[in-house]
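Chain and residue survey
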Amino acid sequence: MLFPLASTRDPFGEMRGLLRQMDDVFRDADRPLLGLGAGNQAWPQLDLRDEGDELVLRADVPGLTDKDISIDATAQGFTIRGEKKVGVPEGYTTHRQERGSMRFARSISLPSKVDLEAVRASVKDGVLTIRAAKQAEERPKQITVKAS
Amino acid sequence: MSNEELVKREEGQPAANESRYRTVSPACDIYENAEEYLIAAEMPGVDTDAVDIRLDRSRLTIGAVRPMEGEREVQTAYARAFEIPDTIDAGGIEAKMSNGVLSVHLPKAPQARVRQITVTAG
């Protein structure tokens, strides 16, 4: 039988587990309360970054391919939808199952309007990346300071 | 950061470079069939080359530092340790990454496999 550490052989394992759970509580404290996914955190977890001319959204979607994900885009926001399927491989029995199957939908509003013709999405190594060019009037402009 | 450091972090011992890494314990499934154990771990953002798997006696550790695009103050590192039975054929362990999910195949030593014994009428 195969089992993760922090168990009977290690008298401090349980204590560490508790400490870790406490850490998790504090780490989760700043997450949004709505948009419930796996457990009590929104899924997929994502970052949205402003890279000047572009907004870049990256979402963790382990095990998913392009076929499992669809994106609805408007100039103000994205909705990511899909299904995560985790099945027991054929002929195996399960000892531990932490990865879950789920249908998901998560909506994100964008801090500036984007050009819908210039939204590109790709998925690699279980990370979905959406790049969207900002509409021209929303892009940062450099203003040269002149001596007077 | 070495794999051992990653595992220490997972077990709650602060590392010297505390502020630079956020250690994540990846969600894992563990399966078994007659020939092997199979671990599946969710490690999005990591490709095959970045994964470090070690077996030290009965302790299997998996770890990886996730490469991050753009400037980050804190990097993400994955780490998890398992106690495995001594009936594993250590030389036959294989791993691969697929779409951000690591699969580790741990073949059972031949003497540990379940054999089907045919009962003959006597």
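Read on for a plain summary of the structure. (Residues numbered from 1 in each chain as written. Chains lettered and ligands numbered in written order. Predicted model: local features only at pLDDT ≥ 70, side-chain atom pairs only at ≥ 80, totals over all residues. Heavy atoms only, no water.)

The next subject is the overall build of chain A. When helices and strands are counted, chain A shows one helix and nine strands. Ordered by position from the N terminus, the helices and strands of chain A form the series β-α-β-β-β-β-β-β-β-β. Out of the 148 residues belonging to chain A, those deemed buried represent 30%. Taking contacts inside chain A between residues at least 6 apart in sequence as the whole, the part at least 24 apart equals 52%. (Helix = DSSP H or I, 4+ residues; strand = E, 2+ residues; numbered from the N terminus. Buried < 20%, exposed > 50% of the residue type's maximum accessible area, 1.4 Å probe, protein only. Contact = heavy atoms within 4.5 Å.)

Moving on, we get to the sheet that holds strand E6 (residues 93-97) of chain A. Taken in spatial order, the five strands line up as E6(A)-E2(B)-E3(B)-E8(B)-E7(B) in an open sheet, and their pairing is antiparallel. Of all strands in the sheet, those with a lone pairing partner are E6 of chain A together with strand E7 (94-98) of chain B, marking the two edges. Ignoring which end each strand starts from, the neighbouring axes of this sheet average 15° apart. The sheet contact formed by E6(A) and strand E2 (residues 28-32) of chain B spans four bridges and is antiparallel. Residue Gln97(A) lies in a different strand from E2(B), and its bridge partner there is Asp29(B). (Pairing = 2+ DSSP bridges. Axes fitted to C-alpha atoms, helices over the stretch in contact; angles between N-to-C directions.)

Another point: the interface of chain B and chain A. The interface is formed by 39 residues belonging to chain B together with 35 residues belonging to chain A. Summed over both partners, the interface of chain B with chain A buries about 3300 Å², with 49% contributed by carbon and sulfur atoms. Three residues, Ile30(B), Tyr31(B) and Glu83(B), lead the burial of chain B against chain A; their summed loss comes to 21% of the area buried on that side. The interface formed by chain B and chain A holds five salt bridges in total. Measuring nitrogen to oxygen at the nearest pair gives 2.7 Å for the salt bridge that ties Lys84(A) to Glu42(B). At the boundary of chain B and chain A, one finds 17 residue pairs in polar contact (both at pLDDT 80 or more). For the side of chain B that touches chain A, the elements supplying multiple residues, two or more each, are strand E1 (21-24), E2, strand E3 (36-42), strand E5 (59-66), strand E6 (75-83) and strand E8 (101-107) of chain B. Ranked by the residues each element gives to the side of chain B that touches chain A, the list is headed by E3(B), at six residues. Grouping the amino acids of the side of chain B that touches chain A by side-chain chemistry returns 17 nonpolar, seven polar and 15 charged. (Buried area = accessible area lost by both parts, 1.4 Å probe. Salt bridge = Lys/Arg side-chain N within 4 Å of Asp/Glu carboxyl O. Polar contact = N/O pair within 3.5 Å; in protein donor to acceptor, adjacent residues only side chain to side chain. Nonpolar A, V, L, I, M, F, W, Y, C, P; charged D, E, K, R; others polar.)

The next point concerns the sheet that holds strand E5 (residues 77-84) of chain A. All names here are of chain A. One open sheet holds the three strands; their spatial order is E4-E5-E7, and the pairing between them is antiparallel. Edge strands, defined here as strands with exactly one partner in the open sheet, are strand E4 (69-73) and strand E7 (102-109). Neighbour to neighbour, the strand axes of the sheet diverge by 15° on average, direction disregarded. In this sheet, E7 lies alongside E5 in antiparallel orientation, the contact comprising eight bridges. Within E7, the residue paired with Ile80 across the bridge is Arg106.

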